[in-house]
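Next come the chains, spelled out residue by residue.
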Amino acid sequence: MGIETDVRNLATDMGREVGTAGHDDARGYILDRLHDMGIAPYLPGGFEASYSSDDQEFSNILAAVPGKDLFLAPVLLGAHYDTCGSLPGADDNAAAVAVLLEVANWIRVDPTDRSVIFAFFDAEEPPHFLLPSMGSIRFFEDQRLGPIHAAVIMDLVGHDVPVPGLEDLLFVMGMESNEGLGEVLQGCPAEPGIRVLPTLNEYVGDMSDHHIFRLNEVPYLFLSCATWQHYHQPTDTTDKLNYRKIEAIARYMARLTIQISSNPLAGEFEGYDTTSIEVGFIKDTMGPALSGLGMPRPPENRREIRELVSTMMTHFGL
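Not measured: the values here are computed from a predicted model. (Residues numbered from 1 in each chain as written. Predicted model: local features only at pLDDT ≥ 70, side-chain atom pairs only at ≥ 80, totals over all residues. Heavy atoms only, no water.)

Brief notes about the overall build of the chain
Helix and strand counts for the chain come out as 10 helices and nine strands. Here the C-alpha atoms of the chain give a radius of gyration of 18 Å, agreeing with the 20 Å that 2.2 N^0.38 yields for 318 residues. Overall size of the chain, expressed as C-alpha extent along the three principal axes, is 55 × 45 × 35 Å. Carbon and sulfur atoms make up 50% of the accessible area of the chain, which totals about 12,500 Å². For the chain, the centre of its 21 positive side-chain charges and the centre of its 47 negative side-chain charges are spaced 6 Å apart. (Helix = DSSP H or I, 4+ residues; strand = E, 2+ residues; numbered from the N terminus. Rg over C-alpha atoms; globule rule 2.2 N^0.38 Å. Areas by Shrake-Rupley, 256 points an atom, 1.4 Å probe, with all protein chains shown as cover. Lys, Arg positive; Asp, Glu negative; His and termini not counted. Charge placed at Lys NZ, Arg CZ, Asp CG, Glu CD.)

Notes on the nonpolar core
If you look at the biggest cluster of nonpolar residues, it comprises 109 residues, and the most contacted ones within it are Phe118 and Phe213. The element that contributes the greatest number of residues to this core is helix 3 (residues 90-109), accounting for 12 residues. Once residues lying within four places of it in the same chain are set aside, the contact partners of Phe213 are Leu76, Phe121, Phe139, Phe140, Ala151, Ile153, Val218 and Tyr220. (Core = buried A, V, L, I, M, F, W, Y, C linked by side-chain atoms within 4.5 Å. Buried < 20%, exposed > 50% of the residue type's maximum accessible area, 1.4 Å probe, protein only. Contact = heavy atoms within 4.5 Å.)

A look at the packing of helix 1 (residues 3-10) against helix 2 (residues 21-37)
As a packed pair, helix 1 and helix 2 sit with axes 10 Å apart at the nearest point and diverge in direction by 150°. Put simply, helix 1 runs roughly antiparallel to helix 2. Seen from helix 1, the contacting residues are Thr5, Asp6, Asn9 and Leu10; seen from helix 2, they are Ala26, Tyr29, Ile30 and Arg33. Of the residues contributing to the contact of helix 1 with helix 2, the split by class is four nonpolar, two polar and two charged. (Axes fitted to C-alpha atoms, helices over the stretch in contact; angles between N-to-C directions. Parallel < 35°, antiparallel > 145°, perpendicular 65-115°, else oblique. Nonpolar A, V, L, I, M, F, W, Y, C, P; charged D, E, K, R; others polar.)

Things to note about helix 7 (residues 243-262)
In this model helix 7 runs 29 Å from its N-terminal to its C-terminal C-alpha over 20 residues, within 8% of the 28 Å that 1.5 Å per residue would give. Measuring from the backbone nitrogen of Arg244 back to the side-chain oxygen at the start of helix 7 gives 3.2 Å, which picks out Asn242 as the cap. (Expected span 1.5 Å × (residues − 1). Polar contact = N/O pair within 3.5 Å; in protein donor to acceptor, adjacent residues only side chain to side chain.)

A word on the pairing of strand 4 (residues 75-80)
The element strand 4 is extensively covered by neighbouring structure, given that six of its six residues are classed as buried. Covered by surrounding structure in strand 4 are Val75, Leu77 and Ala79 together with Leu76, Gly78 and His80, the residues of both alternating faces. Bridge count between strand 4 and strand 5 (residues 116-121): six bridges; the pairing is parallel. Bridge pairing links Gly78 to Ala119 in strand 5. A crossover links strand 4 with its parallel partner strand 5, the connecting element being helix 3, and its sense is right-handed. (Pairing = 2+ DSSP bridges. Right-handed = clockwise from strand over helix to strand, strands pointing away.)

Remarks on the packing of helix 2 against helix 3
The contact between helix 2 and helix 3 brings their axes to 10 Å, and the two run at 15°. Taken together, helix 2 and helix 3 sit at an angle that is classed as roughly parallel. Viewed along their axes, helix 2 and helix 3 form a crossing whose handedness is right-handed. Contacts between helix 2 and helix 3 involve Ile30, Arg33, Leu34 and Met37 from the former and Val97, Leu101, Asn105 and Arg108 from the latter. Partitioned by chemical class, the residues of the contact of helix 2 with helix 3 number five nonpolar, one polar and two charged. (Left-handed = near helix turned anticlockwise from the far one by under 90°.)

Description of the environment of His211
Counting through the fold element by element, His211 comes out in helix 6 (residues 211-215). For His211, a relative accessible area of 13% corresponds to the buried category. For the pair His211 and Gly38, spaced 173 residues apart in sequence, the C-alpha separation works out to 30 Å. Look past the residues within four positions of His211 in its chain and what remains in contact with it is Leu130, Ile137 and Asp206.

Some details on the packing of aromatic side chains
Evaluated as defined, the whole model comprises four aromatic pairs. With centroids separated by 6.0 Å and ring planes inclined at 50°, the aromatic side chains of Tyr42 and Phe139 adopt a geometry described as tilted. A residue pair is termed long-range when its members are at least 10 positions apart, and Tyr42 in the loop between strand 1 (40-41) and strand 2 (48-53) and Phe139 in helix 4 (residues 135-143) qualify at 97 residues. An angle of 10° between the planes, with centres 5.0 Å apart, marks the rings of Tyr51 and Phe58 as stacked. Accessibility assignment for this pair places Tyr51 and Phe58 in one class, buried. Joined through ring pairs, the aromatic side chains of Tyr42, Phe121 and Phe139 make up one cluster. One residue, Arg144, lies across the ring of Phe140, its end atom 3.9 Å from the ring centre. (Phe/Tyr/Trp six-rings, centres within 6.5 Å; stacked < 30°, edge-to-face > 60°. Lys NZ or Arg CZ within 6 Å of the ring centre and 35° of its normal.)

Remember, this is a structural readout, not a statement about activity or role.
See the structure below:
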């Protein structure tokens, strides 16, 4: 199996809306893949962490690879597997699910210092988004066995960023949640095929399952290529994705997990200023493309970073 195969098997015309046959098929596919890889469940009762809300049934899928030190709090890697309505959801969020499966397969062979939880969350999409029925919220409040060292969430990681010259960007939000994550990102160069651009979560808001971790002051990162013209559309199909980019993101995700696992993340939550780190990444990552955004030079302070972000969001629909 590979990433493209997983995406194509998940992103069907039936979609993966909660309560539909497509949703059941996707759940079964993920369970089969985890079983075939020989990965263990996170919970004693098996991979499926079922729950109900308003007479509707849901199921998070939770797996884990034991780390070298079982007494350390685990790292959580997460992505939702449902879709918004009966849409193919190739980018949203089959690509991230495929990355999660790929990283799980690598880490089971070469475990990290800490155990790693692989969380395939249910019910991220409307009408459940940020409500008690949302899978990540139910995991954190009802299904979690103990503290989480850090959470890394992926959503919309399959497409080219619709900005000329910056198609290979991967945005990383949440570095501000812990100073150790700034160290991790600075010490984890991007893979060939992607450029990494860390920025503040506040610029886009809680767009996905990292919401509940941020609220509870758990260090987190949110990886995304932002929205695009096929977001929540029937055209979010497998032929639109950049599989070379997705594979690079998977390799980056694996190295990021290793680095996060070995970093104590000892600082206080949101207790430091990330401006200098962001400026450094913008200079290294965006370079000449800045002139096309109407900026004669890289930003040097928070105000200028905000102006750059606003320009990108306004003019390119990010």
